[in-house]
Every structure is written in structure tokens, then in C-alpha cells.
Amino acid sequence: QLEQLYFGLEKWGELVDTYRKHVDDGVTEVHAKTELLKAMAQIFETKVEDVDRAIDAYREIMALDPNHFDAANRLSQLQERIEDWPGAVETMGRLV
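Residues numbered from 1 in each chain as written. Predicted model: local features only at pLDDT ≥ 70, side-chain atom pairs only at ≥ 80, totals over all residues. Heavy atoms only, no water.

Chemist: Residue-level account of the packing of aromatic side chains, with values.
Modeler: For the structure on display, the rule yields one aromatic pair. Between Phe-7 and Trp-12, the aromatic rings sit 5.2 Å apart at their centres with planes inclined by 75°, giving edge-to-face as the arrangement. (Phe/Tyr/Trp six-rings, centres within 6.5 Å; stacked < 30°, edge-to-face > 60°.)

Next comes the structure, spelled out in C-alpha cells:
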């Protein structure tokens, strides 16, 4: 699979682009979209070290599934990291 090849070669941009294409054009089920977006967010956060793009991906998950606990939890942690206190408080409010 193309995704496995990109991951193995550490071609993070190409991998994220492939996931994005699936989210935008191929996948219709919400759970599948949120899983792809979660994978994108994790790549942005841990491999590319682009917190802003990770935050955008987690926000996109929350738009699809406002009750997605893992996305809300991770999003609030990233918002705290960049000192977006109002955003972190709002996101944490969804967790309770």
C-alpha cells in the first residue's frame, strides 16, 4: 500500500497528502474520516512537529464528532502547549 511505503520511507508530507485525499474524496463514513484525521494529527505532532497543523486536524475531528474524547483531550493539551488558554478551557469543557 502507498501509505505503508510513505511511512517506511518517512515521507510524512506525502503520507499526509494521501490521508487528506482519502478524507476529502474517498471516505464517507465519519469513523473512518476521524481515524485518518487522527493519524494526520499524530504525524503533524510527532513527526513533522507542526503543532498548528495538528491542532487543525484535531479541530476537524471535533467538527465531525463533537464527542470524540481522544481528539478533545489531545487538542486541549496542544492548546495548553501554545498557551491558547481560552481554547484549552473551551475544549476541556467538552470533556466533562
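There is more to say after this.
Chemist: Which residues make up the pattern of salt bridges, and what are the values?
Modeler: One pass over the full model with this rule turns up six salt bridges. In this structure, Glu-60 and Arg-20 form a salt bridge, with 2.7 Å as the shortest nitrogen-oxygen distance. Here the residue Glu-60 occupies a position in helix α4 (residues 51-64), and Arg-20 occupies one in helix α2 (residues 12-26), the gap between them amounting to 40 residues. Judged by its relative accessible area of 26%, Glu-60 falls in the partly exposed class. We classify Arg-20 as partly exposed; its relative accessible area is 24%. For Arg-74, the salt bridge identified is with Glu-45, shortest N-O distance 2.1 Å. With a gap of 29 residues between them, Arg-74 in helix α5 (residues 69-81) and Glu-45 in helix α3 (residues 30-48) connect regions that are remote in the sequence. One network of salt bridges, with partners in common, ties together Arg-20, Asp-24 and Glu-60. (Salt bridge = Lys/Arg side-chain N within 4 Å of Asp/Glu carboxyl O. Helix = DSSP H or I, 4+ residues; strand = E, 2+ residues; numbered from the N terminus. Buried < 20%, exposed > 50% of the residue type's maximum accessible area, 1.4 Å probe, protein only.)

Any functional reading would require information that these geometric values do not contain.
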